Amino acid sequence: MAILATQTVALAGLNPTYAAAAGGGDKCEVGDRNFLHIKNGSASSVTVTLTATASVRGQAVTSPTVAVPASGERLIGPLAADLLQNSADGLCAIGYSSATTVTVASLRI
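A quick note: this is a predicted structure, and the numbers were derived from the prediction, not measured.

Student: So what's going on with the overall build of the protein? Which residues, and what values?
Tutor: When helices and strands are tallied, the protein shows one helix and twelve strands. For the protein, the α and β elements follow one another from N to C terminus as β-β-β-β-β-β-β-β-β-β-α-β-β. Against the compact-globule benchmark of 13 Å for 109 residues, the protein has a radius of gyration of 14 Å, which places it among compact chains. By its C-alpha atoms, the protein is 40 × 35 × 20 Å across when sized along the principal axes. By residue count, 36% of the 109 residues in the protein fall in the buried class. Within the protein, residue pairs in contact and separated by at least 24 positions form 75% of the contacts whose partners lie at least 6 positions apart. Total accessible area on the protein is roughly 6000 Å²; 54% of this is exposed by carbon and sulfur atoms.

Now the structure itself:
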């Protein structure tokens, strides 16, 4: 599981760097201005799961999932701390139904 470096969008512009999605998942920073950009280079859809850590009245909140279509991309966020922040490391865990040909960038706007 890799920790993705958060890249900040600035007035001067940002040419984001994408990392190959790790087969065992990745982790990233959370925050109201943090997003993920997922690119799927495969011929079939890939599901991205963000591990929810929140609970409401003692009941676990369902982890959000996003389908990234074949040869498509998705922006996911904001990555709210109260929903996704792991108490052990302060990060959000990201899972992929398949990591083959998937690239990801952690962005702060």
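Student: Tell me what's going on with a nonpolar patch on the surface, and back it up with residues and numbers.
Tutor: Together, Val9, Leu14 and Ile109 line one region of the surface with nonpolar side chains, adding up to about 240 Å² of accessible area. By the secondary structure assignment, Ile109 is in the segment after strand S12 (102-108). With relative accessibility at 53%, the residue Ile109 sits in the exposed group.

Student: With reference to specific residues and values, describe the nonpolar core.
Tutor: Judged by nonpolar contacts, the single largest core of 19 residues is most densely connected at Cys28, Leu36, Ile38, Val48, Leu50, Ile94 and Tyr96. Counting only elements with at least two residues in this core, the list comes to strand S5 (34-40), strand S6 (46-50), strand S11 (91-96) and S12. Val48 has contacts with Ile38, Pro64, Thr65, Val66, Val68, Ile76, Ile94, Gly95 and Tyr96, leaving out every residue within four places of it along the chain.

Student: For the pattern of salt bridges, give the residues involved together with the corresponding values.
Tutor: Under the counting rule described, the total for this entry stands at two salt bridges. Measuring nitrogen to oxygen at the nearest pair gives 2.4 Å for the salt bridge that ties Asp89 to Lys27. On the criterion of sequence distance, the pair formed by Asp89 in the loop between helix H1 (81-84) and S11 and Lys27 in strand S4 (residues 26-29) is long-range, its members being 62 residues apart. Looking at Asp89, the relative accessible area reads 35%, which means it is partly exposed. As a salt-bridge pair, Arg108 and Glu29 come within 2.5 Å of each other at their nearest N and O atoms. Of this pair, Arg108 sits in strand S12 while Glu29 sits in strand S4; the two residues are 79 residues apart in sequence, bridging distant segments of the chain. By relative accessible area, Arg108 is classed as partly exposed at 24%. Note on Glu29: relative accessible area 32%, which makes it partly exposed.

Student: For the environment of Asp89, give the residues involved together with the corresponding values.
Tutor: Taking the C-alpha atoms as reference points, Asp89 and Ile38, separated by 51 residues in sequence, lie 23 Å from one another. A polar atom in the side chain of Asp89 sits 2.4 Å from the side chain of Lys27. A polar atom in the side chain of Asp89 sits 2.9 Å from the backbone nitrogen of Leu91.

Student: Quick one: what's the story with the packing of aromatic side chains, residue by residue and with numbers?
Tutor: A full pass over the atoms with the stated rule returns zero aromatic pairs. Sitting above the plane of the Tyr18 ring, Lys39 keeps its charged end 4.2 Å from the centroid.

The rules behind the values
- Residues numbered from 1 in each chain as written.
- Predicted model: local features only at pLDDT ≥ 70, side-chain atom pairs only at ≥ 80, totals over all residues.
- Heavy atoms only, no water.
- Helix = DSSP H or I, 4+ residues; strand = E, 2+ residues; numbered from the N terminus.
- Rg over C-alpha atoms; globule rule 2.2 N^0.38 Å.
- Buried < 20%, exposed > 50% of the residue type's maximum accessible area, 1.4 Å probe, protein only.
- Contact = heavy atoms within 4.5 Å.
- Areas by Shrake-Rupley, 256 points an atom, 1.4 Å probe, with all protein chains shown as cover.
- Patch = residues over 30% accessible without salt bridge, like charges linked within 9 Å, V, L, I, M, F, W, Y side chains within 5 Å.
- Salt bridge = Lys/Arg side-chain N within 4 Å of Asp/Glu carboxyl O.
- Core = buried A, V, L, I, M, F, W, Y, C linked by side-chain atoms within 4.5 Å.
- Polar contact = N/O pair within 3.5 Å; in protein donor to acceptor, adjacent residues only side chain to side chain.
- Phe/Tyr/Trp six-rings, centres within 6.5 Å; stacked < 30°, edge-to-face > 60°.
- Lys NZ or Arg CZ within 6 Å of the ring centre and 35° of its normal.

Purely spatial values, then, with no claim about function.
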